[in-house]
Amino acid sequence: MSEKLWLVVQFPMKSAKGNQRDEWLKNKVIEYLDLFLANAELGYVDGFDMGKCVSDPNQYALNIFCVVTDEARSIALIKRVLKEYRLDYTRIKMATMPFENGETYTLKYAYKKGVTEFSL
């Protein structure tokens, strides 16, 4: 088994509490990612948070946290699932961090070119 990593999928939101669509998106993304990661034996969803971004309190985000064992395959699977099931694929950022002793996330995928920074 490969080494475990934290992988976070981040969606932008317009307010701290989100709206009905954000709640629906959170539930669907968690449901699908948990199912597909488990079926591929790549990992599982470990939780989420919604609200203000730590780096900029004027920005809001939905973060879905996963524990995965293969970074490249997990990112590819998540991108495919979000795109196939139309779960706001065009707005996501994904970042990873070592499972143990990790301090900061490293951006691995952004919805648009030129985005180089990631923070929760």
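> Please clarify how the pattern of salt bridges should be interpreted in this entry.
Should their charged atoms come close, side chains of opposite charge can pair. All chains considered together, the criterion is met by 6 salt bridges. Two residues, Glu31 and Lys28, come together in a salt bridge whose shortest N-O distance is 3.5 Å. Of this pair, Glu31 and Lys28 are both found in helix α1 (residues 20-39), 3 residues apart, which corresponds to roughly one turn of the helix. A relative accessible area of 44% places Glu31 in the partly exposed class. For Lys28, a relative accessible area of 25% puts it in the partly exposed group. Where salt bridges share partners, they join Arg21, Asp88 and Arg91 into one cluster.

> It is not clear to me how the nonpolar core should be interpreted in this structure. Could you clarify?
It is characteristic of soluble globular proteins that their nonpolar side chains tend to be buried jointly. Counting residues in hydrophobic clusters, the biggest one holds 27 residues, and the most contacted among them are Val9, Phe11, Leu33 and Leu82. At the level of secondary structure, the elements contributing two or more residues to this core comprise β1 (5-13), α1, β3 (60-68) and α2 (71-84). Among all residues touching Leu33, those that are not within four sequence positions of it are Val9, Ala38, Val45, Cys66, Ile78 and Val81.

> Sorry, what's going on with the packing of α1 against α2 here?
Helix packing geometry: the angle between the two helix axes and the distance between the axes. α2 packs onto α1 with a crossing angle of 135° between their chain directions and a minimal axis gap of 10 Å. Relative to α2, the element α1 is oriented oblique. Of the two elements, α1 crosses α2, and the hand of that crossing is right-handed. Only Ser74, Leu77, Ile78, Val81 and Leu82 of α2 make contact with α1, whose side of the interface consists of Val29, Tyr32, Leu33, Phe36 and Leu37.

> I would appreciate a short explanation of the sheet that holds β3 in the present structure.
Each strand in a sheet pairs with its neighbour through backbone hydrogen bonds, running either in the same direction (parallel) or in the opposite one (antiparallel). On the basis of which strands lie adjacent, the open sheet formed by 5 strands has the order β2-β3-β1-β4-β5 and antiparallel pairing. Two strands bound the open sheet, and with one partner strand each, they are β2 (43-52) and β5 (106-110). For this sheet, the mean angle separating the axes of adjacent strands, direction not counted, is 25°. Two strands pair when backbone bridges link them, and β2 and β3 are joined in this way by 9 bridges, in the antiparallel orientation.

> Whenever I open this one, α1 confuses me. Can you help?
It helps to recall that an α-helix has 3.6 residues per turn; residues three or four apart then point in one direction. With 20 residues, α1 ought to run about 28 Å at 1.5 Å a step, and its terminal C-alpha atoms sit 29 Å apart, in line with that. Residues of α1 that are buried make contact with β1, β2, β3 and α2. Capping the start of α1 is the job of one residue whose side-chain oxygen sits 3.0 Å from the backbone nitrogen of Arg21: Asn19. In the segment just after α1, Glu41 is the residue with positive phi, at about 55°.

> Explain unusual backbone geometry to me, please; I cannot follow it from the model alone.
Even without being glycine, Glu41 reaches a positive phi, approximately 55°. Checked against the element boundaries, Glu41 lands in the loop between α1 and β2. One non-glycine residue, Asn101, adopts positive backbone phi at about 65°. By the element assignment, Asn101 lies in the loop between β4 (93-98) and β5. A residue is classified by how much of its surface remains accessible, and Asn101, at 77% relative accessible area, is exposed.

Reading the values: rules and limits
- The residue numbering used here restarts from 1 in each chain and proceeds along that chain's sequence as written.
- Only residues with pLDDT of at least 70 get local features here, since the model is predicted, and only at 80 or more are side-chain atom pairs given and counted; chain-wide, interface and lining totals rely on the full set of residues.
- Heavy atoms throughout the structure, all of them, feed into the side-chain values; hydrogens and water do not.
- Any Lys or Arg side-chain nitrogen found within 4 Å of a carboxyl oxygen on Asp or Glu counts as a salt bridge.
- The numbering of helices and of strands both runs from the N terminus, where a helix is a DSSP run of H or I of at least 4 residues and a strand a run of E of at least 2.
- Think of it in three bands: with a 1.4 Å probe and only protein chains considered, a residue is buried below 20% of the maximum accessible area for its type, exposed above 50%, and partly exposed in between.
- Buried residues of nine kinds, namely Ala, Val, Leu, Ile, Met, Phe, Trp, Tyr and Cys, make up a nonpolar core once their side-chain atoms join them within 4.5 Å.
- By definition, residues are in contact when any of their heavy atoms lie within 4.5 Å.
- Axes here refer to lines fitted to C-alpha atoms; in helices the fit is confined to the stretch in contact. Angles between the N-to-C directions go from 0 to 180 degrees.
- Roughly parallel means an angle under 35 degrees; roughly antiparallel means over 145; roughly perpendicular covers 65 to 115; every other angle is labelled oblique.
- Definitions for this section: a left-handed crossing has its near helix turned counterclockwise from the far helix by less than a right angle. A right-handed crossing has that turn clockwise.
- The pairing criterion for strands is at least two bridges between them, as found by DSSP.
- To estimate the expected span of a helix, subtract one from its residue number and multiply by 1.5 Å.
- Under the rule applied, a polar contact is a pair of N or O atoms within 3.5 Å (in protein, one hydrogen donor and one hydrogen acceptor; residues adjacent in sequence only if both atoms are side-chain atoms).

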